[in-house]
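Chain residues, written in single-letter form:
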Amino acid sequence: MAPVLVLWLAMSLSGTWAVDKGNFKTCDQSAFCKRQRALKPGDSPYRALLETMELTNTRLTLQLINDNNKVRLLLELYRLQGNMTRVKINELKPLKPRFEVPDVLITEPSTEPLSLLSQDENGVVLSLGTESQRVIISARPFRLDIMEGPEVLMSLNSRGLLAFEHLRMRKDTQAEPEGEKKEEADPANQAEKEEEEKVDGMWEETFKSHSDSKPNGPSAISLDFSLPGVEHVYGIPEHADTLRLKTTDNGDPYRLYNLDVFQYELYNPMALYGAVPVMLAHKAQRTTGIFWLNAAETWVDISSNTAGKTVFGKMLDYVQGSSETPQTDVRWISESGIIDVFIMLGPTPKDVFSQYASLTGTQSFPPLAAVGYHQCRWNYNDQEDVASVDAGFDEHDIPYDYIWLDIEHTDGKRYFTWDSHKFASPKEMLQALEDKKRKMVAIVDPHIKVDSNYKIHNEIRNKGFYIKNKDGGDYEGWCWPGSAGYPDFTRPDMRAWWASMFAYDQYEGTAENLYTWNDMNEPSVFNGPEVTMHKDAVHGAWEHRDVHNLYGLYVQMATAEGQIQRSGGVERPFVLTRAFFAGSQRYGAVWTGDNAAEWDHLKVSIPMCLSLGLVGISFCGADVGGFFKSPSTELLVRWYQTGAYQPFFRAHAHLDTPRREPWLFGPENTALIRDVVRQRYTLLPYWYQQFYHAYRTGEPIMRPLWVEYPQDPATFALDDEFLIGKDLLVHPVTEEGARGVTAYLPGKDQVWFDVHTFQKHNGAQSLYIPVTMSSIPVFQRGGSIIPRKMRVRRSSSCMTHDPYTLYVALNLQRTAEGELYIDDGHTFNYEKKEFIHRRLSFAKNMLSSVNLATDAEFSTGSWIERIVILGASKPSKVTLKTADGQESQLEFDFDASMSVLTLRKPGVNAGLDWNVMLQ
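Because the structure is a prediction, the values reported are computed rather than measured.

Conventions adopted
- Residues numbered from 1 in each chain as written.
- Predicted model: local features only at pLDDT ≥ 70, side-chain atom pairs only at ≥ 80, totals over all residues.
- Heavy atoms only, no water.
- Core = buried A, V, L, I, M, F, W, Y, C linked by side-chain atoms within 4.5 Å.
- Buried < 20%, exposed > 50% of the residue type's maximum accessible area, 1.4 Å probe, protein only.
- Helix = DSSP H or I, 4+ residues; strand = E, 2+ residues; numbered from the N terminus.
- Contact = heavy atoms within 4.5 Å.
- Arc of directions from axis to C-beta.
- 1 Å grid on protein atoms, 1.4 Å probe; cavity = no way out; pocket = protein on both sides within 12 Å on 5 of 7 lines; lining within 4 Å.
- Points joined across faces, edges and corners; volume = space filled by probe spheres on them.
- Nonpolar A, V, L, I, M, F, W, Y, C, P; charged D, E, K, R; others polar.
- Pairing = 2+ DSSP bridges.
- Salt bridge = Lys/Arg side-chain N within 4 Å of Asp/Glu carboxyl O.
- Axes fitted to C-alpha atoms, helices over the stretch in contact; angles between N-to-C directions.
- Polar contact = N/O pair within 3.5 Å; in protein donor to acceptor, adjacent residues only side chain to side chain.
- Parallel < 35°, antiparallel > 145°, perpendicular 65-115°, else oblique.
- Disulfide = S-S within 2.5 Å.

Draft legend 1. The nonpolar core, seen in detail. Formed by 176 residues in total, the largest nonpolar core has its most connected members in F291, W498, F574, Y640 and Y645. Counting residues per element, this core draws most heavily on helix α13 (residues 599–614), which supplies nine residues. Contacts of W498, omitting those with residues within four sequence positions, involve F416, V444, D445, P446, I448, P487, F489, V555, A558 and T559. V87, I221, L256 and A275 belong to the second largest nonpolar core, which has 50 residues in total.

As structure tokens, then:
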């Protein structure tokens, strides 16, 4: 085994090392970032050549010229359906094609007509469909402003930071074309040659012992965006940082470059495992978004004219009549590719979610079981260990749906195989789980052991499917198996082959209840630069530098397709990925990577998942308990209480940590963990409904408060509490030894009910809540109806036909609304209109259930067992009326001290029309 792998394993197994920042580049160590960041705001060298403008019904094209080097660019402008604008900038005549990102957009976006409003020698004005919304293109220097009425919504190149490094011949190469020699007389070309001679890293670059040959030379792009009136921007995950993005003037920009970062550090802009180049900007009057479609290494600078001002300073500005409008400026810098940016103009947060979803798709709709609890560690040792852990959950009456196997279950880290000694009869193991209606996840990583006796390796090599190194041979790096090849997932034929490997006759020992985990797919290369692949590795016509951030998306895409194909297109897949990009939401779940058993890691899991939800990836969670190190019992309990209210709920731990199944910390802590896992299961109907809603709309499941209360500045920077959908507010306890938390309850005319005590609280206030170890502060919004299943069984599938309890929380107007969604929980039949979707509403003392999908058909054995009305008055009688006209009187209890009315045994089928009248 190579020394570098031994060292890496030693680091991993010690469990005591923190991130070695020296393994990862700063902006100053990334040559293109350093070059671009050296450009300071000022007059742009780019000028729009208005005489080249062409306007058709669907697009505007216009040439830009760089007056310093005379290179021309082509600007394309599109007005897209749904209040979006697309701006593309490429070289007019590139030396060779530049990479444009495929497969991320779900379709070519539909355009709407652009019309010319006015034109003179200084610029043009275009209409964006309405009189009030228009684009102004200024000629000298080039600048693009998007206006609505008198308001500037966004400006491009207003700070003059557009930069486009054109592809060129290397000046120190031998015999250049005659034309090239003649052009050298041009002072601009001479200046460019002198620049290349004095700037390091333009044609080759070294980091530590790794050399990047840069055969195409410098190719970086950059563009600045100004956001008047904006002080809060969000998104561009993945970073272990606050929800609200910070200014970067005095440090590194935020970096987007998928990397395997060992024990990542918190609250800094370092790159992590995934990259979604989407930013949301929010102010009380409007939400907008920027989607920078580029898969190369990218850095994002953020500056603000109000950064660093104290509240007192802002008040002083107000008193003194300062006219300075708050503004945030954002600059995107990518190493290669083209500028292809989608400007989402909102105006509401939900409009931006819809706009982005129309481009890259919505969150995939998972099987119901995937929304339950997952039990994992690196590694469950063998089949007996799996059986023992499975039995432990039954013995301690804790439900779970999936048990997971890490890399040690394979035959020597050969994926798609089993260790024949430890897992001699995997089908029997899977059948034993299936008998209890439980499932398993096994890891399948994209690094393939170089071994001539390994079928997977031989087939990939023989088909020529491996990524190539710069010299044309198969690229090899070190990962868990030792020497490994890396399949080229950018190839559709490679992805199709990979998908075929999940067939039951190919992946031996598998069954319908085995699902997949894709780890290390950044890709992770232990002996590569920054623990990843060399940028000059080759994917067909493109370098790895062009496609790097797409790799993880393609791995998950191919794996999900494999799961779908193995069932003949019937069953929904479940695939977890560590690396991701824009569009990854279409293929499954993500988690926040290799965190640590520390309180700050628990805290940061909230803004990390909130950030992912804002850019379409709702199915997010963090390793409960922390992957590295060993949590105290208090931290473990608090992490379960937090994780139970995040979309993906999985416990996971490093192989060097002591075992931490939920019953190993004494009866008292077992009871606390049992209670919160059971809370998760009672709420599965609501969670599942939220996933269906995310699949339909693109709205996040776990969302910041400002999404629902966009005009309340008190919500704009909150990231220690969150909403699930719009009706549940959760404030986890994330401080060691906490005796209370302060939660902000939003909504001036809103009321909130504690879901445990039913106590009512007014909105628009910060509320101090005393806590004990059993406390999870959760509130239901007044005006909502939430369905639960109170009979918790060993897994979600065991609860399929169980009854519902409806929790009706009345608002100040004594009304409430909710939904009930039911399907078979695991197939794609919902696409064939096989589901139940009902509106539940309470008004004028009547609770009713009506069909929201009259063209859908599905039957359920579940019924309504109980109705609990919060904020109610005591009725004299309660009458149930069913769809066939039958009436009956219901028994009820009324708690006058808490104003809680409980209606017993309505007994009506959950899929039928009915109403209940309170008199």
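Draft legend 2. Quick look at the side chain of H837. Mapped onto the secondary structure, H837 falls in strand β46 (residues 836–843). Classification of H837 as buried rests on a relative accessible area of 13%. Sequence-distant contacts of H837, that is, excluding residues within four places in its chain, are made with Y692, E819, L820, Y821, V850, N851, L852 and A853.

Draft legend 3. View of helix α8 (residues 426–435). Of all the residues in α8, the buried ones are P426, M429, L430 and L433. The buried residues of α8 occupy one face: seen down the axis, they fall within an arc of 95°. The outward face of α8, more than 90 degrees from its buried face, is lined by the exposed residues K427, E428 and D435. Its buried side turned inward, α8 meets α7 (383–395), β23 (402–405), β24 (439–443) and β28 (514–518).

Draft legend 4. Representation of empty space enclosed by the protein within the structure. In the structure shown here, the tally under the stated rule is twelve cavities of 30 Å³ or more. Counted as a void, the second largest cavity has a volume near 130 Å³. Looking at the second largest cavity, it is lined by 14 residues, and the ones nearest its centre are K25, F207, D212, P529 and K535. Taken together, the elements giving at least two residues each to the lining of the second largest cavity come down to β12 (205–207) and β13 (210–212). Class assignment for the residues of the lining of the second largest cavity results in four nonpolar, five polar and five charged.

Draft legend 5. Region of the structure containing the pairing of strand β17 (residues 278–283). The element β17 is largely enclosed, with a buried count of six among its six residues. Relative to strand β18 (residues 286–292), β17 runs antiparallel, the two being bridged by six bridges. Pairing of H282 across the sheet is with T287, part of β18. Linking β17 back to β18 in an antiparallel pair, the connection comprises two residues.

Draft legend 6. A look at the pattern of salt bridges. Summed over the entire model, instances satisfying the criterion amount to 59 salt bridges. For R86, the salt bridge identified is with D340, shortest N-O distance 2.8 Å. A residue pair is termed long-range when its members are at least 10 positions apart, and R86 in strand β4 (residues 84–91) and D340 in strand β21 (residues 339–344) qualify at 254 residues. Residue R86 is classed as buried on the basis of its relative accessible area of 6%. The salt bridge partner of D390 is K436, with a shortest N-O separation of 2.7 Å. Placement of D390 in helix α7 and of K436 in the loop between α8 and β24 is noted, with a sequence separation of 46 residues between them. Bridged by salt links that share partners, the residues D212, R255, E297, E335, E530, K535, E543 and R545 form one connected network.

Draft legend 7. Inspection of the sheet that holds strand β50 (residues 887–889) at higher detail. Reading across from one edge, β50-β49-β53-β47-β46-β45-β43-β44-β48-β52-β51 is the order of the eleven strands in this open sheet, with mixed pairing throughout. The outermost strands of the open sheet, each flanked by one partner alone, are β50 and β51 (891–895). With strand direction ignored, the average angle separating the axes of adjacent strands in the sheet is 20°. Relative to strand β48 (residues 864–870), strand β44 (residues 804–809) runs parallel, the two sharing six bridges. Note on β48: the bridge partner recorded for Y804 is I864.

Draft legend 8. Representation of the sheet that holds strand β27 (residues 482–485). The three strands are arranged β25-β27-β26 in an open sheet whose pairing can be described as antiparallel. Edge positions in the open sheet fall to β25 (448–449) and β26 (476–479), since each of these has one partner strand only. Where β25 lies against β27, two bridges are found, and the strand directions are antiparallel. Counted as the bridge partner of I448 is G485 from β27.

Draft legend 9. How the structure looks around the side chain of H409. Among the structural elements, H409 can be located in the loop between β23 and α8. Its relative accessible area of 0% is what places H409 among the buried residues. In this structure the side chain of H409 is engaged in a polar contact, spanning 2.7 Å, whose partner is the backbone oxygen of D406. In contact with H409, other than residues within four places in its own chain, are N379, T417, W418, D419, F423, A442, I443 and Y507.

Draft legend 10. Spatial organisation of the packing of α13 against helix α14 (residues 633–643). Closest axis-to-axis distance for the α13/α14 pair is 10 Å, and the angle between their directions is 5°. Between α13 and α14, the crossing angle belongs to the class labelled roughly parallel. Contacts between α13 and α14 involve W599, H601, L602, S605 and I606 from the former and E634, L635, R638, W639 and T642 from the latter. When the residues that make up the contact of α13 with α14 are grouped by side-chain class, the tally is five nonpolar, three polar and two charged.

Draft legend 11. Structural view of the state of the cysteines. Enumeration according to the criterion identifies two disulfides in this entry. Two residues, C609 and C620, share a disulfide whose sulfurs are 2.1 Å apart. Disulfide C609 to C620: torsion about the S-S bond roughly -75°, handedness left-handed. Of this pair, C609 sits in helix α13 while C620 sits in strand β33 (residues 620–621); the two residues are eleven residues apart in sequence, bridging distant segments of the chain. The class of C620 is buried, set by a relative accessible area of 1%. For the protein, the disulfide bridges join cysteines in the arrangement 1-2, 3-4, where the cysteines are counted in sequence order. No disulfide involves C479; its sulfur sits 17 Å from that of C376, the nearest cysteine. With relative accessibility at 0%, the residue C479 sits in the buried group.

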